[in-house]
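Structural features, examined
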Amino acid sequence: MDVLGNLLAGFATALSPTNLLLAAIGVTLGTLVGVLPGIGPALTVALLLPLTYNFDPVGAFIMFAGIYYGGMYGGSTTSILLNTPGESASVATTLEGFQMAKSGRGGAALATAAIGSFIAGTISTLLITFVAPVVADVALLFQPADYFALTVLAFVSVTALVGRSLLRGLISLFIGLFMGLMGIDVLSGQTRFTFGLPQLLDGIDIVVVAVGLFAVGEALYVASRLRHDREEIVPIRGSIWMTREEWRRSWRPWLRGTLIGFPLGALPAGGAEIPTFLSYSLEKRLSKHKAEWGRGAIEGVAGPEAANNAAFSGVLVPLLTLGLPTSATAAILLVAFQIYNLQPGPLLFTNASDLVWGLIASLYIGNVMLLILNLPLIRIWIKILAIPRSLLYAGILVFATLGVYSIANDMIDVLVMYAIGVVGFFMRRYDFPVGPTVLGVILMPLAEAQFRRALSISQGNLAVFVTRPLSLTILLAALAALVLPYLPALIARLRGQHPQQGRLVFGEGKED
Amino acid sequence: MSADHDQSPGAGRLGPRLVAVVLLALGLLIFVQTFSIRQGGGYSAIGPRFFPLLVAIGLLLLSGLFLARTTIRPDEDLMQQSADEEAATHWPTVGLVALALVVYAVALGPLGYILATVLFFPVVARFLGSTRPVRDIIIALVISVVIYEGFTRALGVRLPAGLLQGIV
C-alpha cells in the first residue's frame, strides 16, 4: 500500500475543522490533567474516556491521541517543578530536572523537556508511519501460538524489568491475571469468579481497575500520609528558554533518547520505564560535565524526556498492529477501540484505514499544538500545581467516581472500583508495582484464548509453542528478560567478587 | 499527628505478614472456586478450569514465598519501608475517606449526581485538611452542575437527577 497517499488522506481527515478542534481539546485536557500531581497518562486517558462515548470513532481517536500525548507533556512539568513523577517513566526526569529547578534553571529544564518531547514525538510518528504498515503485514502471518508467546513476553518483561522485587511484581501480575479471568469464559460459556454479581458477567472493566488502582489508590495513599509529607513547588525564575550552550548540550541527548525509546517502546517489552533509565545512564556516561550530575545536568532531562515520548509513540505500534497493549496506558487505549467495536490488529489497517491514518496524522498535529501549549503557555499550567492538595484529591475522587459511574450508572461498579482502590493503596504502601496488575487484567483473556486456540489447532499437542520458530524465539526472549536482571550479580559471583546489588533495576517508583 | 518514634527492631513486620496471609487466602479462594466452575462439555483439550487452576497454584506459591520473606528470611528493605509507612500513616484519615466514598456511591442514585457531589466534595476536602468549607461548597456546586449539564446535554451520557428531578 502507498504510505504517503494514505498519510495525505489521513491529514485531509485530521485537518477538518471539527477534528482540529477535537485535537486541540484533547491536547489541552491531556496537559491539564497530566500536570496534576500523581496523575499520569494512564489515569488521564481512563478518566477522560467517558467524554468520547458519543463521538464518531475518527474524532474520538483524534481527541484520544491528543489526551495521550498531552498527558505525557504535562507530566514532565510536574516531575521537574514538584519532584512528583506522575508515572515511573518520568522518574528519570525528576532526578536532574528537580535539581535544575532548585538551582533556578527550571525554565531551561521545562524548555528542553518540551522541545525534546516534540522532536522525539515527531521523529517517532514518522517512524510509526513507515514501520506500522510493515509490522501489520508481518503480523498477518502470526498464529495463535505466536500471539500467546507475545503475551507471555509482555507479562514477563513488565514484571521482571520494573520494580524493586521480582516476587512482588509476580504477585501483582497474578492478582491481575485473576481479575482477568472473571466473567463468562468465551470459549466454553461458563461463568468464572463472578461471586454472584451479574455486573461481573462481562468480566471486570479495565477502566474500573485502572481508575481504582491509580486514582483511588493514590488518593488514599496521599490521605494516609497527608499529615506527614510536605511538598514544595519550585518557583520559576527567569525565562523559559535555553541558552546557546544548553541547546548545544541538549540536541544529541534528544536524538539518542529517541533512538533508544522508540524501538524499546515498539517491542512488546513493557513500555517506557526501561528506555528512560537507559537514556539517563547513557547520557551520564557520555556527559562532559560529570560534576553537574546530581545537581542539575540538562542532558539528564533532555535524554529521558525524549526517550519517554518516543517510547510512548513506539507502544502504539504493537497496539495498532497486533492488538497487544504493552503499558497501562496502551491497555486503556485498547478499551477505547473496543468501545467502538474495533479490534486493533493486522486487519485494522485495511478495515479502518481512514481511522488509522487520521489518527497517525493527528499525532503530527498534536505534537505541534503541544509544543505551543507547553512553551509560551507553560505558566498557566504551573498555576495548576498550586491547587491545595485537599481540593485536588477530593476532585480526583469525584472524577474517578464519575468515570466509572457513567459506564453503566451502576453503584456496584463504583464499589468494585473503590475496593480495587483499597488494594491499590496497600500495593503502594508495600511497594508492589501496579503496572503488572493492569497488564494482567487486560492480557489474560487474550493469552487464554490464544493458548486454547493454539492447542485446538495442534490437537492438544503442547509442543506447538516450541516447534514454531517464531513462538520459540519470543518465548526465549521472555526467558532472557527474566534472567537478564540477575546477570551482572551472577557474573560478579562467578568471578569471585561480592556483587554490589542483587539485580539490575530499571525503574523504581510509582507507575500511575 | 504521628511523629517519628523510635523503631523497635521488629517494627513494620506485621503489615507485610498480614498482606502475605491475605494473599494466601486469596490463592486458596481461587483454588476452591475453580472447582465450582462447570466443565463445559465438548472436546476442547483445555477447559475453562485450566487457567484458573494455573493462577491459583501460582498465587499460592508466590504468596507462600512472600510469607517466607516476611518471617523466616525477612526482606529488610521492605521491612524498613513498612516501618516508615507505619510511622507516617494517619489511619483515621484513610478510614474516613473510605467511608465517605462508600456513602457517595450509595447516595449517587437516590440523591442524584449534583446533590451527592455537593455533599461529598467538601466533606472529603475537610478530611484531607481543607479549612475553608464555604469555598469548598461553592467549588463543589460549580463542578457538579457543569459536569451534570455537560454530560447529560452535550455528551449524551446519562447521570441521575435524583431529588432534583424536574428542576435540573
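Okay, so let's go over this structure. Bear in mind the structure is a predicted one, so any value in this text is a computation, not a measurement.

A word on the interface of chain A and chain B
Many descriptions give the size of an interface as the accessible area lost when the pieces come together. Of the residues lining the interface, 63 residues belong to chain A; the matching set on chain B comes to 74 residues. Approximately 5800 Å² of surface area, both sides summed, lies buried where chain A meets chain B, with 76% of it carried by carbon and sulfur atoms. Applying the counting criterion to the chain A and chain B interface returns three salt bridges. Between Glu-85 of chain B and Arg-225 of chain A there is a salt bridge whose closest N-O contact spans 3.0 Å. Our enumeration of links across chain A and chain B arrives at nine residue pairs in polar contact (both at pLDDT 80 or more). Contributing elements (two or more residues each) for the side of chain A that touches chain B: helix 8 (166–181), strand 2 (191–192), helix 9 (206–225), helix 17 (389–408), helix 18 (411–429) and helix 19 (435–457) of chain A. Examining the composition of the side of chain A that touches chain B, we find that twelve residues originate from one element, helix 17 of chain A, more than from any other. Tallied by class, residues from the side of chain A that touches chain B come to 40 nonpolar, twelve polar and eleven charged.

A few points about empty space enclosed by the protein
Residue and element names in this part refer to chain A. According to the stated counting rule, one finds three cavities of 30 Å³ or more in the structure shown. Its boundaries defined by the atoms lining it, the second largest cavity holds a volume of some 70 Å³. Lining the second largest cavity, in full, are Phe-61, Phe-64, Ala-65, Tyr-68, Leu-316, Leu-319, Leu-320, Leu-333, Phe-337, Leu-359 and Leu-363. Mapped by element, the contributors of at least two residues to the lining of the second largest cavity are helix 4 (57–82), helix 12 (299–322), helix 13 (328–339) and helix 15 (353–374). Ranked by residue count, the leading element in the lining of the second largest cavity is helix 4, at four residues. The residue inventory of the lining of the second largest cavity, partitioned by class, reads eleven nonpolar, no polar and no charged.

Considerations on the environment of Leu-286 of chain A
All names here are of chain A. Relative to the elements of secondary structure, Leu-286 occurs in helix 11 (residues 273–286). Residue Leu-286 is classed as partly exposed on the basis of its relative accessible area of 45%. The sequence separation of Leu-286 and Pro-253 amounts to 33 residues, and the corresponding C-alpha distance is 9.6 Å.

Section: the side chain of Asn-308 of chain A
Relative to the helices and strands, Asn-308 of chain A resides in helix 12. Sequence-distant contacts of Asn-308 of chain A, that is, excluding residues within four places in its chain, are made with Met-72, Glu-87, Ala-89, Ser-90, Ala-272 and Thr-276 of chain A.

A closer look at helix 3 (residues 41–48) of chain A
All names here are of chain A. Among the eight residues in helix 3, eight count as buried, and that is most of the element. Looking at helix 3, one finds that the buried residues are Pro-41, Ala-42, Leu-43, Thr-44, Val-45, Ala-46, Leu-47 and Leu-48. Taken together, the buried residues of helix 3 touch helix 2 (17–35), helix 4, helix 9, helix 12, helix 13 and helix 17.

Some thoughts on the side chain of Arg-428 of chain A
All names here are of chain A. Examined against the element boundaries, Arg-428 turns out to sit in helix 18. Take Arg-428: its relative accessible area is 8%, and that puts it in the buried class. Here Glu-218 takes part through its side chain, which lies 2.9 Å from a polar atom of the side chain of Arg-428.

Rules behind the numbers
- Residues numbered from 1 in each chain as written.
- Chains lettered and ligands numbered in written order.
- Predicted model: local features only at pLDDT ≥ 70, side-chain atom pairs only at ≥ 80, totals over all residues.
- Heavy atoms only, no water.
- Contact = heavy atoms within 4.5 Å.
- Buried area = accessible area lost by both parts, 1.4 Å probe.
- Salt bridge = Lys/Arg side-chain N within 4 Å of Asp/Glu carboxyl O.
- Polar contact = N/O pair within 3.5 Å; in protein donor to acceptor, adjacent residues only side chain to side chain.
- Helix = DSSP H or I, 4+ residues; strand = E, 2+ residues; numbered from the N terminus.
- Nonpolar A, V, L, I, M, F, W, Y, C, P; charged D, E, K, R; others polar.
- 1 Å grid on protein atoms, 1.4 Å probe; cavity = no way out; pocket = protein on both sides within 12 Å on 5 of 7 lines; lining within 4 Å.
- Points joined across faces, edges and corners; volume = space filled by probe spheres on them.
- Buried < 20%, exposed > 50% of the residue type's maximum accessible area, 1.4 Å probe, protein only.

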